[in-house]
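# Commentary on secondary and tertiary structure
Now for the letters of each chain:
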Amino acid sequence: MGFPISSSAQYGLGFASHEAVSDQRTGLDLSNDGQICFDDNVELSFELSFMPNRTDYFGYVVRIIADDRTNIDLLYDRSTNVKNHFKIVLGGKFSSIAFNIDSNKLFHEWIPVAIKLDPRMSLITVTCGDRVYTEKLATSERGCLKVLFGYNDYKEFKTTDVPAMKIRNVQIREGKRLLHHWPLDEEKGTEVKDEIKGMTASVINPQWIKRSHYEWGLLENIKIGGQASTAFDPRTESVFIVGRDSLLKIHVPTGQRSVFRYQSGPLLLINGNQSFFDTLTNQLVNICIDQQTVSVFDFASLSWSENFTYPGEGTSYLHFNKFYSSIDSSLYFIGGYGHFLFKNEIRRYTSGGTWHRVAAVGDPFIPRYLAALGSTQKGAYILGGYGSISGQQMLNPKNIYDLIFYDVKNKTLSKIYEFDPGEEDFVWANSLIINEASDEFYGLVFPKNKYNATLQLVVGSLTQPGLKALATPIPYFFHDIQSFSDLYYGSDSQRFSAVTLYYDEKVATTTAKIYALFSPPIPYDATHEASERTSNVWNSVFIGLGITMIVAVFIILRKRHLKKGVSYPATSGSPVGDRIHHSVVVEHQPDKNSIFLFGGDLQLFDSEGVDMTRSFTPLIKEIFLIILLHTLRRGRGISSEKLTEQFWSDKSTESARNNRSVNIAKINAILERLGSAKVSKDTGYWKFQAYNDIYIDYKNYLAIVTNKDVLDKKRIQELSAIVQRGGFLSETDYEWLDSFKAEVSIQVINTYMRFAESVDIAEDPEFMVELANYIFYFDPVHEEAMTIKCKALAYMGNHSLATQTFENFCNEYRHIYGEEFGKDYKMILS
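Because the structure is a prediction, the values reported are computed rather than measured.

### Overview of the environment of L711
Relative to the helices and strands, L711 resides in the loop between α7 (697-705) and α8 (713-723). For L711, a relative accessible area of 16% gives the class buried. Sequence spacing of L711 and F755 is 44 residues, and the spatial spacing of their C-alpha atoms is 6.7 Å. Sequence-distant contacts of L711, defined by excluding residues within four places in its chain, comprise I716, T751, R754 and F755.

### Quick look at unusual backbone geometry
Of note, the bond from S519 into P520 is cis; its omega dihedral lies within 30 degrees of zero at 0°. Along the chain, the position of P520 falls in the loop between β44 (509-518) and α3 (539-543). Despite not being glycine, Q292 has its phi angle at roughly 45°, a positive value. The topology assignment puts Q292 in the loop between β24 (283-288) and β25 (293-298). Q292 gets classed as partly exposed once you look at its relative accessible area, which sits at 41%. Even without being glycine, F340 reaches a positive phi, approximately 65°.

### Some remarks on the packing of aromatic side chains
The final tally for this structure, using the stated rule, is 59 aromatic pairs. A centroid spacing of 4.9 Å and a plane angle of 55° characterise the contact between F446 and F478, whose relative ring orientation is tilted. Placement of the pair is F446 in strand β39 (residues 440-446) and F478 in the loop between β41 (467-477) and β42 (483-490), with a sequence separation of 32 residues. Neither residue differs from the other here; F446 and F478 are each classed as buried. Measuring from centroid to centroid gives 6.1 Å for W736 and F740, while their planes differ by 85°, and the two rings are edge-to-face. Pair check on accessibility: W736 and F740 agree, each one buried. Here the aromatic cluster, defined as three or more aromatic residues joined through ring pairs, consists of F50, Y57, Y76, F86, F99, F107 and Y133. One residue, R63, lies across the ring of Y60, its end atom 4.5 Å from the ring centre.

The rules behind the values
- Within each chain, residues carry numbers counting from 1 in the order of the written sequence.
- Reporting in this predicted model follows two pLDDT cut-offs: at least 70 for local features of residues, and 80 or more for side-chain atom pairs to be given and counted; totals over whole chains, interfaces and linings ignore these cut-offs and use all residues.
- No hydrogens and no water enter the side-chain calculation; it runs on all heavy atoms of the structure.
- Here a strand is any run of E in DSSP of at least two residues, a helix any run of H or I of at least four, and the numbering for each starts at the N terminus.
- A simple rule labels every residue: compare its accessible area, found with a 1.4 Å probe on the protein chains alone, to the largest value its type can have, and call it buried under 20%, exposed over 50%, or partly exposed in between.
- By the convention used here, residues are in contact when the closest approach between their heavy atoms is within 4.5 Å.
- Here is the rule: rings of Phe, Tyr and Trp (six-membered ring for Trp) pair when centre to centre is within 6.5 Å. Planes less than 30 degrees apart are stacked, more than 60 are edge-to-face, and the remainder are tilted.
- Each ring is checked for a lysine NZ or an arginine CZ that lies within 6 Å of its centre and within 35 degrees of its normal; such an atom marks a charge sitting over the ring.

If you want it as structure tokens, here you go:
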């Protein structure tokens, strides 16, 4: 399994190519709206690499325009019948300069390229690596240049043909002097300053490489019938989601999705079933250990070889681990849980279709589930989990933190080490990714005792204990009989993929989400303020708690010295235990010229304070919201193609354009009542524009939660005033809106907890009680909020209220999770 060697140079600008519609492709203009003028010879240099697994690489790497008259292009010609694919074009003709770059290097290394123009000698010199090519130029004039990489819309030189490429370290020299240098090591934004003279380069549709190495991208969010399972084919880098009536195949490098509807009838998926892709036989199988059945899918006939007895009697092997061994051509199944028993069994399924229980020897193997497993040629590493020495759930179950290797040939279990998890207990997603060359593994960890949890990517050593957190957390709703998560790796595209499954029993449907991250992954802390993180590996999981929806909430923040305020009693459903009345500091939220997204549904008030929301039909309301949110959150608005895809995908191009024009005209007619506000396409994207003081609560909310430098008590009160209106569009249900809602949920909890971590409880215990109360409205079993509140109440001498808070928390925890909270009151206060 191939892993990139170093993570020290993961930066640059990626270019959206033919996989994107024309106006969503990437372009870089070094001089923005101007030109770069020179008196001596001038050299443009940069480093180039191509992105793997794309279907079309034709296009302009760079287009240099001299004095707005002549184009000098470095073009990639993908034709199979040509010897040299990189070509220099001078004006309307191919020059004699043409060359190739070894594909292995082009897709996996950075290739230095330089183009030098010498007006005195009338020469163009192209350098690629250690090769140099020279040709006479038709002009010898000194002048000014326009330098455009990829997509451009400049005068008659415009082009939409862009190779799937990456560039970095762009430099311009005049003579021997370095005039400009753009490293392109940004993480976001569309403007880039050069490090020498500060010249601004502009980017459209940027794909910043550094960000793709720490931020997981959501590839798919799909629903499928039945209690689905997942598998991965590392050769084609495809994720499979096995459902009751159909099979989904998602190609990770491109995001392409295929659906296979079963001709053999429904697959009766049993609780605890798992799937596996056997690369030796090229077979996808679904496994039920309880019924000792392995069903094979035939892609030709779209049918499964076996079905299962349904409904089953419940599984005894929930969250078991699995791997294939070429030593004896067998599938192995290890551990699991069911019927109040943890398993340490090792079961073997042979190529002949027989089942065997393996009697392993060696070091003790504690019965467990929720462990991670990564296979090698000789066997498999098994890491961590949750279980008990006796195997019985009722006899001291606990988290397990040992690393064990199972040797297939010798049937031995060897304990390698045991590590200290720190303050936060955690378990694992199903698979480990093993890198034997560096004696490392990658895995996903999460807290077992939280429903609104997150998966955190970590890297560890195969020889000594210790974990390091990498990348951003992934939202994960965990309930052990309904949830499943796994981690995969594709060596060709060098991408990790993570899959989360959540089964909704009420509608018998599984929600599957697939995320992708480029390798090598880098720590999230390395690209953000270090002060916002601790060195604890689990802190990323703690910070990243995700919550699906914000419910209507009230903020209880005491401000005795304020003369104005509105009092709200503590809600009876809160695990607070007290009934103290406090005042709320309310941000000024005008009822004129305002747009509210918090409070359940969209609300607009015109310049006279009249509610104009009813003027929106359901369709134009959704169109308005998708444009508004993409403007405020994404910055650039939304393209016509995306609007067509969302609302008029069944229409012809002309019909879609007419529908779009008519509906946006209706929106603007309504917005006239707000003053100088409108939806326009001045920038190439449909954006919401306001030229007067229109109040938008979501805009103010973003200013608070995204500003990492300023977070004090006043800002917390301002945030409270915004979200106290109610949930963020919680009464509005669009599929595209889910990601915005999830982000708001995560940001609100994170912001409150980030503030709580920065304040000593003794400084303002009353405020900390009220802050904890507010967190409880979002998560009634938020352990850290309960701890803060108990400590604050105890500090104020309210010991009975502190005890009652703890008891209410334990009752709620037992009600949600069906088990006892694992700490006592003294441990909380310690």
